[in-house]
Amino acid sequence: MTEFVGSALTMVQILSAVLVFLLGLGILAVIFMYLVDVNQKTHTIRRNFPVIGRFRYLFEKLGEYFRQYFFAQDREEMPFNRAQRTWVYRAAKGFDNTVAFGSTRDLRPVGTMIFVNCPYPVLEADIAPTSTVKIGPYCKQPYATNSLFNVSAMSFGAISKPAVQALSKGSKKAGNWMNTGEGGLSPYHLEGGADIVFQIGTAKYGVRNLDGSLSDEKLREVSGHEQVKMVEIKLSQDAKPGKGGILPGGKVTKEIAKIRGIEVGADSISPNRHPDIGSADDLLNMIHRVRDVTGKPVGFKSVIGAYGWLDELFDLISERGIESAPDFITVDSGDGGSGAAPMSLVDNVGLPLRESLPLVVDMLVRHGLKDRVKVIASGKMVTPAEAAWALCVGADFINSARGFMFSLGCIQALQCNMNTCPTGITTHDKKLQGGLDVTNKAERVYQYSKNMHKEIGVLAHSCGVKEPRRLQRFHCRVVQDNGRSVPLDVLYPNRTSDQAA
Ligand SMILES: Cc1cc2nc3c(=O)[nH]c(=O)nc-3n(C[C@H](O)[C@H](O)[C@H](O)COP(=O)(O)O)c2cc1C
Ligand code: SF4
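The rules behind the values
Residues numbered from 1 in each chain as written. Chains lettered and ligands numbered in written order. Predicted model: local features only at pLDDT ≥ 70, side-chain atom pairs only at ≥ 80, totals over all residues. Heavy atoms only, no water. Helix = DSSP H or I, 4+ residues; strand = E, 2+ residues; numbered from the N terminus. Buried < 20%, exposed > 50% of the residue type's maximum accessible area, 1.4 Å probe, protein only. Contact = heavy atoms within 4.5 Å. Polar contact = N/O pair within 3.5 Å; in protein donor to acceptor, adjacent residues only side chain to side chain. Near = heavy atom within 4 Å. Nonpolar A, V, L, I, M, F, W, Y, C, P; charged D, E, K, R; others polar. Phe/Tyr/Trp six-rings, centres within 6.5 Å; stacked < 30°, edge-to-face > 60°. Lys NZ or Arg CZ within 6 Å of the ring centre and 35° of its normal.

Colleague: Please clarify how the environment of Asp276 should be interpreted in this entry.
Modeller: Tracing the backbone through its elements, the reader meets Asp276 in the loop between strand S9 (268-269) and helix H9 (280-294). Its relative accessible area of 32% is what places Asp276 among the partly exposed residues. The spacing of Asp276 and Met286 is 10 residues in sequence and 8.3 Å in space, taken between C-alpha atoms. With residues up to four places along the chain from it excluded, the contact list for Asp276 reads Lys204, Asp282 and Met286. A polar atom in the side chain of Asp276 sits 3.0 Å from the side chain of Lys204.

Colleague: Just checking my understanding: could you explain the site of ligand 2 for this structure?
Modeller: Surveying the vicinity of ligand 2 reveals the residues Met405, Cys410, Ile411, Gln412, Ala413, Leu414, Gln415, Cys416, Cys421, Thr423 and Thr426. Here the shell around ligand 2 is composed, by residue class, of seven nonpolar, four polar and no charged.

Colleague: Looking at this structure, I do not really get the packing of aromatic side chains. What am I missing?
Modeller: The geometry of an aromatic ring pair is captured by two quantities: the separation of the ring centres and the angle between the planes. The full count for this structure, using the stated rule, is 10 aromatic pairs. Look at Phe149 and Tyr448: their rings are 5.6 Å apart centre to centre, the planes differ by 85°, and that puts the pair in the edge-to-face class. Note that Phe149 is positioned in strand S4 (residues 149-151) and Tyr448 in helix H16 (residues 438-462), a separation of 299 residues in sequence. Under the relative-accessibility criterion, Phe149 is labelled buried at 0%. Directly above the ring of Phe80 sits Lys380, whose terminal nitrogen or CZ lies 5.6 Å from the centroid. The lysine or arginine in question, Arg469, covers the ring of Phe397, its NZ or CZ lying 5.0 Å from the ring centre.

So this is what it looks like as structure tokens:
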């Protein structure tokens, strides 16, 4: 009996020792993973959330096997589904983006785009470089670029310092422009050396007098930077037409307040309209003034809802002369993104790009202005097919905000308005920003832009044209509610073709 108790005790002691050993090993492993995670620079989530951040990657991997039983399907999530985000993540990392076995996309839903391949696609040897477009032919300093896909407006304030730095550096390497957004021009925009589009929002941050009116002197100073190539007057933006920008007080740091010309820590609320732009006359006057002061191309950005005002504007341009026209119009989709916006405006105001882009292009063609006024399209175009659709419709350029956010590592946590962004993109919390390594993410911005350009080209060549700018409406079909696809030139027949096939 004593012998049995003795051996049982020894057994318990051995088991306890093994347990303590395993526990110790586990703790050592956690410490090791912690050290690896905080010191690596590739994954923001692991850097910001050492050890537990690893579960995200594990679940993502396991999701491939389990999501068919438990979770949302590849193409179900909003605003961007997993298939779209995965494409961007892989493009940004420079990974192979080919898929195995076949498309997981159901080609039957209404609105599905189908490009019409040519029986004789363009031979690799015959591929032409993307043509250069000149914007602002009547300016002292017109802007010429062949970049199709560019960084849409996101202000320093809505996004963090390292995010702006990475976008600036990556854009320079890729050769695309970056729009400052309405928060003014910061040193971080200039740091990487990329071409800049300076945006004037309704509060005229960065170029305002104390009373909020436009300061010609400050505008001259900002546009004096060689890197600033164009100026965009924001009339409205996708997610919140008719509402000014809201930058929560928590995000208004000393530095941001200085750049914008506002008070530290107070909510930064811009007016819901430019107080000095209330008619077509006012708009053309402002465009003329800004172009005169800066000598650079000037355009405006707007979400399209009502559109009679465009006819009025274009008629007025005919009266005043072709030089008076905006050099570009940025057509923003009603379902675009924002750092913070009221839900009723996000969800229910403004036409989606699918309706507004053909409408604006056709109006420009009808008024004989399509060559004079370049069209920039923005709104949920994060993969090559969406961008190619916009080119088919008649856009000259595509802008993306959220596509580039994904390339910076955004995981669509939807907390951009709370200063708690886990990936350091839309927060001014230094600890969270610490996870966003500028050099690493700049490379991803570059890779994403490069791969977008490359694959838009692949689609164009498959359709039989030598370069993307030659895409026409008949190259893209859209599935209708009877299940059959119809080409864009039948859906939107007004446009008289003004590009060589
Ligand atoms: C974080 C964030 C900040 C933004 N800030 C601005 C801004 O300052 N000015 C502006 O015109 N648009 C702003 N936008 C809108 C984008 O420029 C773009 O028009 C919109 O998100 C649609 O493009 P997307 O679908 O590629 O994101 C912002 C968007 C996001 C997500
Ligand atoms: S990770 Fe979330 S909070 Fe950060 S930018 Fe993306 S959506 Fe916004």
